[in-house]
Amino acid sequence: MKKVQKGFTLIELMIVIAIIGILAAIALPAYQDYTVRAKVSEGAIAASALKVGVTEMFADDGEAGLAAYNLVIIADQANLLTDKITEVVVNGGNGTIVVTLAGISQLTAGTADDLAYVPEIGGNAISNTNSTGSISWVCDGVLTTIDDNFLPANCR
């Protein structure tokens, strides 16, 4: 009578372990980037609420509305901060929103990690002389200091 093999050989097990190791080596860095992107998106979500405020204040009072909104944001700073967001600034002159992030260890240590949005109408900065049309928001590449691979999709 012939004996039938039961179980796996050592070689088969080693091959499976090697395949799992290769897959883990590929997936782990991608997952880490994904988690950092999720943390950075907290700043983008906070900025989206501020975008509405800038748009409304500019529509109501032009540049004077932006200056007034800047003062409101300065006064309400304590309610805007989280464990990831350390500062929120709305430029009273042109409506630029800068959200400073910290507490994300994968970002550049020891430097300010800023996410900036600039309002534009027709490709130009908003102002009392450029106030006709729809406001579009552009992620500013100069003011934004976060690595591109960690930015939200609309900023890359």
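As the structure is a prediction and not an experimental result, all values here were calculated from the model. (Residues numbered from 1 in each chain as written. Predicted model: local features only at pLDDT ≥ 70, side-chain atom pairs only at ≥ 80, totals over all residues. Heavy atoms only, no water.)

Enquirer: I'm lost on the nonpolar core in this one. Help?
Expert: Nonpolar side chains in soluble globular proteins tend to end up buried together. By size, the foremost hydrophobic cluster in this structure holds 27 residues, and its most contacted members are Val40, Ile97, Leu101, Leu107, Leu115, Tyr117 and Ile146. Sorting the residues of this core by element identifies helix H1 (10-75), strand E1 (85-90), strand E2 (97-101) and strand E3 (113-121) as the ones contributing at least two each. With 10 residues, the top contributor of residues to this core is H1. Among residues more than four places away in sequence, those in contact with leucine 101 are Val40, Gly43, Lys84, Ile85, Thr86, Asp113 and Ile146. (Core = buried A, V, L, I, M, F, W, Y, C linked by side-chain atoms within 4.5 Å. Buried < 20%, exposed > 50% of the residue type's maximum accessible area, 1.4 Å probe, protein only. Helix = DSSP H or I, 4+ residues; strand = E, 2+ residues; numbered from the N terminus. Contact = heavy atoms within 4.5 Å.)

Enquirer: I'm lost on the state of the cysteines in this one. Help?
Expert: Note on terminology: disulfide describes a covalent bond linking the sulfur atoms of two cysteines. Per the counting criterion, the structure on display carries 1 disulfide. Across the disulfide, cysteine 139 is cross-linked to cysteine 155 (sulfur-sulfur distance 1.7 Å). Of the two residues, cysteine 139 is situated in strand E5 (residues 136-139) and cysteine 155 in the segment after E5; the sequence distance between them amounts to 16 residues. With respect to class, cysteine 139 is no different from cysteine 155; both count as buried. (Disulfide = S-S within 2.5 Å.)

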